[in-house]
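So you can see what is in the structure, the chains are spelled out below.
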Amino acid sequence: MFNWKSWFRRFRPDARREERPSAPTVTAPPPAHRPSRQRIPVGWATDTGRQRNHNEDSVLVAEIWQEGYHRMPPLGLLILADGMGGHLAGEFASALAVRMVAGHILRTYWTTFSGWEHSADEPSVQELLTEAIQRAHQAVSERVPGGGTTLLCALLLGNQAYIANVGDSRAYLIAPDGWQQITRDHSVVDILVELGQMTPDEATHHPQRNVLYRAVGQKDPLEVDTFTCHIPEGGILLLCSDGLWEMVSEQEMREVITAADSLQAACDILVERANQAGGKDNISVILAAPPGP
Amino acid sequence: MDEQEKTPGPEESGASPKEGLSTRVIQGLAARAGSTRLTGVPPDVPPAQGDLGTRLTGAPSDVPPAQDDLGTRITDVDRAAAHPRPARTEGRLAEGTVLQGRYRILGILGAGGMSVVYKAQDLRFPKVMRLCAIKEMINNAPDPKVRAVMVQNFEREASILATLNHPAIPQVYDYFVEGDRAYLVTEFIPGKDLEALLNETEGFFPEVQVIQWAIQICDILTYLHTRRPQPVVFRDMKPSNIMLDEQGRVRLVDFGIAKVFQSGEKGTMIGTEGYSPPEQYRGIAEPRGDIYALGATLHHLLTKQDPRLETPFSFHQRPIHKYNPTVSVEFQEIIHRALEYDIQKRFGSAEELKRALLSLKSARGIPTTTYISVPEAVQPDAMKVIWQFACEDEVRSSPCIHGGVVYIGAYDHNLYALDAETGKFLWKYATEGGIASSPAVEEGRVFFGSTDGSLYALNADTGRLLWTYPTKGRIFSSPRVQFGHVFIGSDDHRLCAVNMVNGRVAWSTEAEGAIRSTPATGADAIYFGDEQGILYAVGVNGRLVWRFRARRAITSSPLVHKDLLYFGSHDWFVYALDLRSGWVVWRYRTDGPVVSSPAVGGNTLFIGSADGHLYALDATNGYLVWRYRTGGQVTSSPAFYQGAVYVGSVDGYVYALDAQTGQLRWRFQTNGPVVSSPRVANDIVYVGSLDHNVYALPT
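Residues numbered from 1 in each chain as written. Chains lettered and ligands numbered in written order. Predicted model: local features only at pLDDT ≥ 70, side-chain atom pairs only at ≥ 80, totals over all residues. Heavy atoms only, no water.

**Q** What am I meant to see in the overall build of chain B here?
**A** Helix and strand counts for chain B stand at 9 helices and 44 strands. Considering only residue pairs separated by 6 or more positions, chain B has 50% of its internal contacts joining residues 24 or more positions apart. As displayed, chain B has an accessible area near 26100 Å², and 49% of this comes from carbon and sulfur atoms. (Helix = DSSP H or I, 4+ residues; strand = E, 2+ residues; numbered from the N terminus. Contact = heavy atoms within 4.5 Å. Areas by Shrake-Rupley, 256 points an atom, 1.4 Å probe, with all protein chains shown as cover.)

Given below as structure tokens:
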């Protein structure tokens with residue numbers, strides 16, 4: 001039987017074993033010291049694919065960790081956008097959107113969240129992510145006429161992932177005991193499948209499968225989906241554009257990630273597989289394995 | 001590559017079709033793009049944008065390009081502001097131009113992507129001002145195949161219209177081609193379309209008005225659907241295609257995508273997203289699709305919620321009464337049936353729909369009296385009590401069930417131990433003050449606080465005192481036992497960690513206000529709120545990790561679930577905080593102070609509010625799943641047990657609700673407010689009431 005635990009541990013060079021909290025006593029409170037240098041292992045890749053001559057996808061990965069008297073859980077910011085629209089509008093839209101989202105989140109992080117004292121006057125993480133995407137939406141609408149983009153953003157805080165999504169880029173949770181799609185596509189066929197008006201197979205081949213009813217830089221008002229996802233020990237978060245999930249089956253994605261030596265290697269192989277399958281679209285993928293509590 | 005992958009974005013209409021190929025299109029653009037897509041169109045064909053979004057008659061001409069899709073239009077307007085581009089007017093006919101020596105152009109009525117509708121005068125009748133509408137198709141598609149398809153479509157529209165003869169459908173006068181442009185001359189219908197009227201009207205249309213329009217539209221649909229040899233499917237029913245003429249009669253315009261229906265034939269997916277039935281995505285266009293679109297149109301007219309701006313096929317999640325409570329239930333039910341996703345469940349014909357509409361009382365202007373009401377108790381008050389036990393004063397404390405024994409405190413100063421099955425009195429222990437604290441049992445000891453200021457530890461079997469720990473304030477907080485210690489707050493502002501064996505304090509930490517909430521414990525920290533509105537996270541060593549300031553007191557006891565911390569505050573909000581950092585992940589505003597403590601079942605969070613509701617919120621994002629209104633404040637904390645949620649209310653009832661839907665399963669009336677929180681064990685619900693009783697009820 002395959003040992004998931006030992007396999008996933010490979011992605012966690014700094015994984016530490018937490019000692020069970022002991023009973024506090026008057027004379028000897030447990031030491032405040034905790035191991036430092038927790039990192040979030042991350043891999044990412046983006047590729048033009050085989051059939052296009054430019055890459056309209058954008059990815060951004062940021063990691064912050066802070067050690068000191070008030071230790072913050074490590075923060076990871078993963079953003080993936082898949083642009084659309086001709087005349088470079090697609091790449092402009094996705095790049096601008098990614099920058100706007102990262103800018104807003106990181107600015108707020110420094111000014112508001114990085115301390116240890118919080119208040120009800122602060123925006124919630126959900127509001128922060130939604131606001132960031134709304135700003136990106138406004139910027140793309142104003143500055144990239146004709147452009148639009150999907151936008152998928154994951155804020156990792158310890159082993160909690162806070163995810164906001166517009167469009168049909170996807171976030172998956174790969175846990176030792178299963179595989180789960182966290183986001184839902186904002187495509188018309190996705191709704192029809194949900195309503196039982198179309199089979200998943202019909203949807204895969206439907207000529208209008210790429211028709212989105214929501215995208216950044218398009219219709220107002222823009223509604224943003226938010227999710228909270230607890231990543232269990234050994235779990236991996238996968239973000240990808242449709243250039244990957246349309247080309248490579250979930251089963252194959254999972255096998256590649258399982259077999260790869262590192263998250264980065266897994267990303268590179270996934271891109272390769274999508275290209276081998278035809279590479280019809282730009283391919284982007286981000287993998288992250290939060291270090292746990 | 002599939003043809004659809006080449007659907008261009010909005011800018012491409014005037015550009016080279018090879019540019020800007022995109023795998024993805026936004027819905028509104030697809031509507032235009034799809035409008036002329038026919039089966040068999042070669043892959044590289046750019047979508048023609050001719051026949052949607054133009055109307056043959058009477059369109060207000062203030063917004064060129066007045067496309068169908070609002071989203072597209074907004075984008076277009078934004079774009080025009082940001083990047084003024086030359087209006088596509090160069091190809092348009094100037095005022096005064098005469099076509100065929102017969103039609104003098106008077107102005108533009110409306111314009112779409114590839115066609116323009118002009119208002120014109122027929123010069124054959126020089127003595128009178130005979131007006132007509134002329135739809136011009138500008139066919140400048142570079143690809144000859146596309147041009148052919150466009151001409152074909154245009155001719156189809158002309159020939160469909162030419163065979164129809166109904167007062168509510170514009171008559172066709174003429175059809176001709178000049179150069180690379182084709183023209184369709186029809187009756188000019190002065191008036192206003194329903195979309196324009198909807199935008200101008202403040203408030204809602206009267207129900208009777210909408211029903212009258214609906215009945216007229218049914219008549220037109222019946223006419224179209226009963227054409228022989230094949231029915232005609234309109235395929236683009238929406239407010240902007242419904243005109244009101246000067247007599248206020250309904251006229252249907254724009255037959256650009258109408259289709260002669262052949263049974264079993266798969267057509268192309270066209271129509272306007274938001275109004276189109278789901279089966280159109282499978283290429284099915286049949287008469288009952290028009291019934292769905294009419295239902296969508298009526299929904300829009302009544303709610304003023306534009307379906308093109310909403311998630312597709314979400315009408316059932318947006319019930320009409322939510323936006324417009326004046327609409328009768330009966331009319332809503334009719335619209336609901338027209339909007340069924342399953343074709344078979346809709347009205348079988350427009351005639352059947354019309355009969356249903358005519359049967360409405362409100363159709364005759366008679367106000368109906370039925371309004372949406374919450375279904376009432378399934379078995380109201382028909383509850384059999386398993387047992388009840390009378391204390392000598394109010395029971396505010398919540399029971400603790402352990403080893404077949406119910407432990408509960410009362411304001412008569414006693415802690416009672418009762419047999420869980422029979423309610424038989426086992427023992428009681430008297431303190432010096434009323435007991436509001438709910439007991440906790442661990443390793444044969446029962447712990448609880450008293451308003452006399454002390455924390456008590458008793459032998460759980462005998463009720464014999466093991467130790468007490470005095471604080472300097474009254475204790476309303478309940479003990480939490482973890483890490484071998486009892487954590488409890490007091491009105492003296494301190495949270496204490498007391499060794500559960502010997503009653504010695506390991507540490508205590510000072511808060512800014514009295515601590516009445518019960519501490520929660522995580523993997524390595526303790527969480528509690530105070531009456532100053534601060535929630536504290538302290539390590540197992542008592543050192544502060546982070547704190548969070550709400551706007552009012554936090555009496556609600558926090559709950560740890562999947563690395564989030566949930567609690568309510570007197571500031572009316574329910575909060576979810578990130579356990580490690582103290583960031584607010586989401587918050588939900590109720591309409592009153594939240595004193596109740598949350599419970600979780602599956603992915604749903606249950607919590608009461610002084611606004612009288614029990615709320616069910618999605619634990620991951622705080623979205624409302626349902627809420628249930630009781631007759632009084634809900635300060636009791638809910639308990640989740642096997643698909644049901646149990647809660648007390650100040651109205652004196654204990655409620656059992658279906659956890660998924662919020663539907664009432666039963667309710668049980670006590671003779672006093674229920675602020676105690678129910679606990680469930682072995683299919684028995686235990687709860688106290690201010691009527692001095694402890695009740696055991698069947699789940």
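Here the narrative resumes, following the displayed structure.
**Q** Just to check I follow, could you spell out the nonpolar core for this structure?
**A** One recurring pattern in soluble globular proteins is that nonpolar side chains are buried together. Formed by 70 residues in total, the largest nonpolar core has its most connected members in Leu224(B), Met237(B), Phe255(B), Phe331(B) and Leu357(B). The element contributing the most residues to this core is helix α5 (residues 207–225) of chain B, with 11 residues. Counting 50 residues, the second largest nonpolar core, distinct from the first, contains Ala93(A), Ala102(A), Leu128(A) and Val224(A). (Core = buried A, V, L, I, M, F, W, Y, C linked by side-chain atoms within 4.5 Å. Buried < 20%, exposed > 50% of the residue type's maximum accessible area, 1.4 Å probe, protein only.)

**Q** Help me understand the packing of aromatic side chains in this model?
**A** Both the distance between ring centres and the angle between the ring planes are used here to describe each pair of aromatic rings. Residue and element names in this part refer to chain B. Taken as a whole and assessed by the stated rule, the structure comprises 33 aromatic pairs over all chains. On the numbers, 5.9 Å between centres and 45 degrees between planes, the contact of Phe 487 with Trp 507 is tilted. Here the residue Phe 487 occupies a position in strand β23 (residues 485–489), and Trp 507 occupies one in strand β25 (residues 505–510), the gap between them amounting to 20 residues. Exposure class is identical for Phe 487 and Trp 507. Each is buried. Chaining the aromatic ring pairs together yields one cluster made of Phe 548, Phe 567, Phe 573 and Tyr 575. (Phe/Tyr/Trp six-rings, centres within 6.5 Å; stacked < 30°, edge-to-face > 60°.)

**Q** Would you explain the sheet that holds strand β32 (residues 573–578) of chain B in this entry?
**A** Through backbone hydrogen bonds, the strands of a sheet pair up, either in parallel or in antiparallel fashion. All names here are of chain B. Strand order in the open sheet formed by 4 strands is β30-β31-β32-β33, with antiparallel pairing between adjacent strands. Each end of this open sheet is capped by a strand with a single partner; those strands are β30 (559–561) and β33 (584–589). The mean angle between the axes of side-by-side strands here comes to 20 degrees, regardless of whether they run parallel or antiparallel. (Pairing = 2+ DSSP bridges. Axes fitted to C-alpha atoms, helices over the stretch in contact; angles between N-to-C directions.)

**Q** Would you mind going over the domain arrangement of chain B with me for this structure?
**A** By domain assignment, chain B separates into domain 1 (47–187), domain 2 (201–364), domain 3 (375–427 + 593–699) and domain 4 (431–589). The C-alpha-based centres of domain 2 of chain B and domain 4 of chain B are spaced at 58 Å. (Domains from an automatic or database assignment.)

**Q** Explain the pattern of salt bridges here, please?
**A** One pass over the structure, following the stated rule, counts 38 salt bridges over all chains. A salt bridge links Asp121(A) to Arg551(B), with the shortest nitrogen-to-oxygen separation between them at 3.0 Å. Here the residue Asp121(A) occupies a position in the loop between β4 (117–119) and α3 (125–143), and Arg551(B) occupies one in the loop between β29 (544–549) and β30, the pair thus bridging two chains. Assessed through its relative accessible area of 59%, Asp121(A) is described here as exposed. Salt bridges linked by common partners bring Glu117(A), Glu512(B), Arg547(B) and Arg549(B) together as one network. (Salt bridge = Lys/Arg side-chain N within 4 Å of Asp/Glu carboxyl O.)

**Q** Which parts of the structure should I look at to understand the pairing of strand β3 (residues 103–111) of chain B?
**A** The side chains of a regular strand alternate, residue by residue, between the two faces of the sheet. Residue and element names in this part refer to chain B. Pairing of strand β2 (residues 98–99) with β3, which is carried by 2 bridges, proceeds in the antiparallel orientation. Bridged to Leu 99 within β3 is Tyr 103. The antiparallel hairpin formed by β2 and β3 contains 3 residues in its connecting segment, where Gln 100 sits at a positive phi of about 55 degrees. Examined bridge by bridge, β3 and strand β4 (residues 115–122) share 7 bridges and lie antiparallel to one another. Bridge pairing links Ile 105 to Ala 120 in β4.

**Q** What am I meant to see in the packing of helix α7 (residues 250–259) of chain A against helix α8 (residues 263–276) of chain A here?
**A** Working note: a packed helix pair is described by the angle between its axes plus the distance between those axes. All names here are of chain A. Their axes nearest at 9 Å, the elements α7 and α8 cross at an angle of 145 degrees. Regarding α7 and α8, the two cross each other, and that crossing is right-handed. Here α7 contributes Glu 252, Met 253, Val 256 and Ile 257 to the contact with α8, which in turn contributes Ala 266, Ile 269, Leu 270 and Arg 273. Residues belonging to the contact of α7 with α8 are distributed by class as follows: 6 nonpolar, no polar and 2 charged. (Left-handed = near helix turned anticlockwise from the far one by under 90°. Nonpolar A, V, L, I, M, F, W, Y, C, P; charged D, E, K, R; others polar.)

**Q** Looking at this structure, how should I read the sheet that holds strand β27 (residues 525–529) of chain B?
**A** Pairing is mixed in the open sheet, where 5 strands are placed in the order β4(A)-β29(B)-β28(B)-β27(B)-β26(B). Each edge of the open sheet carries a strand with a single partner, namely β4 of chain A together with β26 (520–521) of chain B. The sheet contact formed by strand β28 (residues 534–539) of chain B and β29(B) spans 5 bridges and is antiparallel. If you follow Leu535(B) over to β29(B), its bridge partner there is Phe548(B).

**Q** How should the pairing of strand β10 (residues 242–245) of chain B be read in this particular structure?
**A** All names here are of chain B. Taking every second residue as pointing to the same face, both faces of β10 are buried, with Ile 242 and Leu 244 on one and Met 243 and Asp 245 on the other. Examined bridge by bridge, strand β8 (residues 191–193) and β10 share 3 bridges and lie antiparallel to one another. Counted as the bridge partner of Gly 191 is Asp 245 from β10. Where β10 meets strand β11 (residues 250–252), 3 bridges bridge the pair, whose relative direction is antiparallel. Bridge pairing in β11 links Leu 244 to Val 250.

**Q** Hey, could you run me through the side chain of Ser676(B) in this one?
**A** Within the secondary structure, Ser676(B) is located in the loop between β41 (664–669) and β42 (679–681). Polar contacts involving the side chain of Ser676(B) include one to the main-chain amide nitrogen of Gly688(B), which spans 3.1 Å. (Polar contact = N/O pair within 3.5 Å; in protein donor to acceptor, adjacent residues only side chain to side chain.)

**Q** How should I be thinking about the confidence of the model for chain B in this particular structure?
**A** For any part of a model where pLDDT is low, the fine detail of the predicted coordinates should not be relied upon. All names here are of chain B. Across chain B, the average pLDDT comes to 82, with 82% of residues at 70 or higher. Throughout residues 262–270 the model reports pLDDT below 50, and contacts reaching past four residues in sequence, or to other chains, amount to 23 contacts. Low pLDDT, under 50, characterises residues 368–380; the predicted model gives this stretch 21 contacts beyond four residues in sequence or across chains. Here the predicted complex scores 0.74 on pTM and 0.79 on ipTM. (pLDDT = per-residue confidence, 0-100.)

**Q** Can you walk me through the confidence of the model for chain A in this structure?
**A** Mean pLDDT for chain A: 84, with 86% of residues reaching 70 or above. In this model, residues 9–36 of chain A is a region of pLDDT below 50 whose contacts with residues beyond four sequence positions or in other chains number 56 contacts.

**Q** Any chance you could explain the packing of α5(B) against helix α9 (residues 350–358) of chain B here in plain terms?
**A** All names here are of chain B. Where α5 meets α9, the axes come as close as 8 Å, and the angle between the chain directions of the two elements is 160 degrees. On the basis of their axis angle, the class for α5 and α9 is roughly antiparallel. The hand of the α5/α9 crossing is left-handed. Note on element contacts: α9 touches α5 through Ala 350, Glu 351, Leu 353, Lys 354, Leu 357 and Leu 358, opposite Ile 211, Ala 214, Ile 215, Cys 218, Asp 219, Leu 221, Thr 222 and His 225. (Parallel < 35°, antiparallel > 145°, perpendicular 65-115°, else oblique.)

**Q** Quick question: what am I supposed to make of α3(A) here?
**A** Given 3.6 residues per helical turn, the α-helix brings residues three or four places apart onto the same face. Spanning 19 residues, α3(A) covers 27 Å between terminal C-alpha atoms, matching the ideal 27 Å at 1.5 Å per step. Its buried side turned inward, α3(A) meets α2 (89–113), β5 (148–157), β6 (160–166) and β10 (225–230) of chain A together with β33 of chain B. (Expected span 1.5 Å × (residues − 1).)

**Q** For this particular structure, what's the right way to read the side chain of Ser454(B)?
**A** Residues and elements named next belong to chain B. Positionally, Ser 454 belongs in strand β20 (residues 454–459). You can call Ser 454 buried: its relative accessible area is 12%. Among all residues touching Ser 454, those that are not within four sequence positions of it are Phe 448, Gly 449, Tyr 469, Pro 470, Thr 471 and Ile 475.

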